[in-house]
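Observations on chain architecture
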Amino acid sequence: MHGSRLSAAQWSPQTVRLAADPALRDWLEVVVPDLPGHGARSPEPFTLDRAVGAVAAAVEAEPSVERVVLAGHSLGGYVAATYAALFPRRLDGLVLIGSAAVPRGAGAAAYRAVAVLTERAGPDRMTRVNDRVLGRLYPSDLVEPVVAGGYWFAPTRAAWRDVMARCGPHQLRDVTCPVLVAGGRYDQLMLDASRYARRAPHGRVVRIPGAGHFAGFDRPDEVTALLVEFVRGVADGTLHGS
């Protein structure tokens, strides 16, 4: 599940790498849905419940699949944790990337302020800013598919309002599958990673060296390898839940 303001195209650096590995094609199916208010689902208003519904639709789309590992980045990670809290025995693995800060206090206030400023700036100005920032930070072949997926600013305030009202480490207390709390070493949304991992019965923390909040862009190979390693561990039973 992708993060705020982006779409499923955010995962392009990973999906391209996964598709290029023939050894994965026989046993790994990758599904990258859009959240409400984003991408193909932009006409739908965002609520956390609608977002959980998008996850449920993706998870239940292939009932014959033996195991399900759910991964989310930033907003998508909070959505993924909310799904896991509601269906704590449905998943075989949960990966939260850059979504392990308790959404309260000064940090939450800063995000509310950013949402307000984003609305005041308007989508055209914010699009130019995002294009400029991504273009300066990352190679064009890495971010062009992401940029092509568009930016979706309208849901930002509603999305983070719901996250701040409902999300936190408590959501992981009954999740029985292995939980990987991952993120860049310099990611501000990893501030409470240890709290999240401790709350999950089978949680652990991995920090990605040299990466910030957008670890999938900063270290695309490392993030892809981390996901594959986790999925393999779930598939072969070396990572155990209960």
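Keep in mind that what you see is a predicted model, and the values were worked out from it rather than measured.

Residues Arg 125, Arg 128, Arg 132 and Arg 136 make up a contiguous surface patch of positive charge. Position of Arg 136 relative to the elements: it lies in helix H5 (residues 123-137). Overall, Arg 136 belongs to the exposed group, its relative accessible area being 70%.

The next thing to look at is the nonpolar core. Grouped together as the largest cluster of nonpolar side chains are 38 residues, with contacts concentrated most on Leu 70, Leu 75, Val 79, Leu 91, Leu 94, Leu 172 and Val 181. In terms of residue count, the dominant contributor to this core is helix H3 (residues 75-86) (seven residues). In this structure Leu 91 touches Val 68, Leu 70, Tyr 83, Ala 84 and Cys 177, once residues within four positions along its chain are discounted. Counting 15 residues, the second-largest nonpolar core is a separate cluster that includes Leu 180, Ala 182, Ile 208 and Val 223.

Okay, the pairing of strand E3 (residues 179-184) next. Across the six residues that make up E3, a large majority, six, are buried. Judged from the four bridges that link them, strand E2 (residues 93-97) and E3 form a sheet pairing that is parallel. Paired with Val 95 across the strands is Leu 180, a residue of E3. Judged from the six bridges that link them, E3 and strand E4 (residues 203-208) form a sheet pairing that is parallel. Note that in E4 the partner of Gly 184 across the bridge is Ile 208. A crossover connection joins E3 to the parallel E4 through helix H8 (residues 193-199); in handedness this β-α-β unit is right-handed.

Rules and cut-offs
Residues numbered from 1 in each chain as written. Predicted model: local features only at pLDDT ≥ 70, side-chain atom pairs only at ≥ 80, totals over all residues. Heavy atoms only, no water. Patch = residues over 30% accessible without salt bridge, like charges linked within 9 Å, V, L, I, M, F, W, Y side chains within 5 Å. Areas by Shrake-Rupley, 256 points an atom, 1.4 Å probe, with all protein chains shown as cover. Salt bridge = Lys/Arg side-chain N within 4 Å of Asp/Glu carboxyl O. Lys, Arg positive; Asp, Glu negative; His and termini not counted. Charge placed at Lys NZ, Arg CZ, Asp CG, Glu CD. Helix = DSSP H or I, 4+ residues; strand = E, 2+ residues; numbered from the N terminus. Buried < 20%, exposed > 50% of the residue type's maximum accessible area, 1.4 Å probe, protein only. Core = buried A, V, L, I, M, F, W, Y, C linked by side-chain atoms within 4.5 Å. Contact = heavy atoms within 4.5 Å. Pairing = 2+ DSSP bridges. Right-handed = clockwise from strand over helix to strand, strands pointing away.

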